[in-house]
Structures are given as structure tokens and as C-alpha cells.
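What follows is the residue order along each chain.
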Amino acid sequence: MAKCVLIMGDSGTGKTASLRNFEPNEISIFNVTNKTLPFRKKLPIKQNCSYVDIAEGLKNPSKKAYVIDDASYLMVFESFDRAQEVGFTKFTEMAKKFRDILDFISTQVPDDIIVYITMHTESDEETHKIKPKTIGKMLDQQLRIEGLFTIVLRAIQNEDGYKFVTKDDSISVAKSPMEMFDAEIIDNDLKEVDKIIREYYDMPPLAKTTNAKSKK
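Residues numbered from 1 in each chain as written. Predicted model: local features only at pLDDT ≥ 70, side-chain atom pairs only at ≥ 80, totals over all residues. Heavy atoms only, no water.

Asks: Any chance you could explain the sheet that holds strand β10 (residues 185-187) here in plain terms?
Replies: What the eight strands build is an open sheet, ordered β3-β2-β4-β5-β1-β8-β9-β10; its pairing is mixed. Edge positions in the sheet fall to β3 (45-46) and β10, since each has one partner strand and no second. Packed on one face of the sheet, helix α5 (residues 190-200) meets β1 (3-9), β4 (65-69), β5 (114-119), β8 (151-158), β9 (161-165) and β10 and runs near 135° to β5. (Pairing = 2+ DSSP bridges. Helix = DSSP H or I, 4+ residues; strand = E, 2+ residues; numbered from the N terminus. Contact = heavy atoms within 4.5 Å. Axes fitted to C-alpha atoms, helices over the stretch in contact; angles between N-to-C directions.)

Listed below in C-alpha cells is the structure:
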């Protein structure tokens, strides 16, 4: 089964910038919004993606790494679209749609692929830990998003620049398997993270050629 990795962080902490070292033939991006990349390198990107767009794009994958960027907005946009609906059923349905896309990735996408999912963060009202941002307490009661991932990296910016936190039990829900990373804070180079994850799970490496024709 494919691996899902959650990258969470406040706006401006380098979540999307962490893609900068990938080559166009190594990764494709499903952008839920219409945001441009924060670096000059051109990577394959599809804008304004829905659940359907993402599933269709992953049915016959040509890459070994994909990103669902700004995935929080899958729920936010649907919440706006259904603002006039009354009752709690819509929250359950929104939680199920998010869960369904993760299930699709883990059961229908080949096991040599890693899908990175970026989300904004917020403080949990009960634990006060930093967690992925959803659309409110009702949905949190239906679905604890971080519980669906084995690897949750938190993007931060400190005096040394942009970083990833690999473990942070006292502050956030960041987590990773034992001995996967050498440090609790690492550079926010997602290509290097990809290499570490593939080595840890004995997965094939990314494409080595950089002149191959890029396609979604």
C-alpha cells in the first residue's frame, strides 16, 4: 500500500517550500487552492483540485511521489458550499470524504508511492497541542486526522531557518517511527525526507534521471 505522510504547519513555515529540491519527473502536486509555488523551479502542478481530481490523478500514477497541498481546504471549501444546510450530518459526511481519500491512497495506489499531505495547524481546545486544522470541534469529534498517519511532521521557522519537527509530544502531535530520523528537528528538505522514508521501509528510490518527460 502507498504511504501517506502528513506535513502540518502554520502559513509561511515552509510546507510547500520543502518541495524545492524535487525534480519535475519525480513529483506532481495536487493544489487544492490556486496558489503558486514559492520558488522558481517549475514542478508539475494541477490547481483547484477536488477529491475527484485527486483520485483520478492517482488511479494511474506516473510518479513515485505526490503532494496534496493545502488539503485543509478540501473541508473548508465544502463547508462554505454547504453553509445553508442545517443539522450535523454534513460534518460526518465531510469527515468521511477526507477519510475516504486517505483510504483510497492506502488501498488503491501502488506501494512504491508516497503521498504527502500538507495542512495548516491550530491548537487543540482540550490538549492544547498543535494539530492539523479542520473546520471545527464537531468534525474533530468525528475524525482525529493525525491518528490516520504514522508520520506527522510539523513545519516550523526558527533562528536556523525552516525546519521539520519529527517528534514533539509535549507541544504538538508530530510523530514518526522509531529510529527513522536521527534528530527531533531536521531541515525542511522533503526530498531528503522522502529518501529517508524509502530507505526505512525498503521502498524503491525516486527516478534517478532528471531529463525524463514530466507528466501528471
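Asks: Just to check I follow, could you spell out the pairing of β8 for this structure?
Replies: Here is the key point about a regular strand: its side chains alternate between the two faces of the sheet. Across the eight residues of β8, six count as buried, placing the element largely inside the fold. Pairing of β1 with β8 involves five bridges; the strand directions are parallel. Paired with Met 8 across the two strands is Arg 154, which belongs to β8. Pairing geometry for β8 and β9, over five bridges, is antiparallel. By the bridge assignment for β9, Arg 154 is matched with Val 165. (Buried < 20%, exposed > 50% of the residue type's maximum accessible area, 1.4 Å probe, protein only.)

Asks: Teacher, can you tell me more about the packing of aromatic side chains here?
Replies: Each aromatic ring pair is specified by the distance between its two centres and by the angle formed by the two planes. For the structure on display, the rule yields three aromatic pairs. With a centroid separation of 5.8 Å and 15° between ring planes, the pair formed by Phe 30 and Tyr 66 is classed as stacked. On the criterion of sequence distance, the pair formed by Phe 30 in strand β2 (residues 27-31) and Tyr 66 in strand β4 is long-range, its members being 36 residues apart. Look at Phe 30 and you get buried, because its relative accessible area is 4%. Overall, Tyr 66 belongs to the buried group, its relative accessible area being 0%. Consider the rings of Tyr 200 and Tyr 201, whose centres lie 5.1 Å apart with planes at 80°: the pair is edge-to-face. The exposure class of Tyr 201 is partly exposed, given its relative accessible area of 29%. The residue whose ring lies beneath Lys 3 is Tyr 201, and the NZ or CZ to ring-centre distance is 4.6 Å. (Phe/Tyr/Trp six-rings, centres within 6.5 Å; stacked < 30°, edge-to-face > 60°. Lys NZ or Arg CZ within 6 Å of the ring centre and 35° of its normal.)

Asks: Whenever I open this one, the side chain of Asp 69 confuses me. Can you help?
Replies: Tracing the backbone through its elements, the reader meets Asp 69 in strand β4. By relative accessible area, which is 2% here, Asp 69 ends up buried. Among the polar contacts listed, one links the side chain of Asp 69 to the side chain of Thr 118, at a separation of 2.5 Å. If near-sequence neighbours (up to four positions away) are discounted, Asp 69 is found in contact with Thr 16, Ile 29, Phe 30, Asn 31, Val 32, Lys 35 and Thr 118. (Polar contact = N/O pair within 3.5 Å; in protein donor to acceptor, adjacent residues only side chain to side chain.)

These results come straight from atomic positions and should not be treated as a statement about function.
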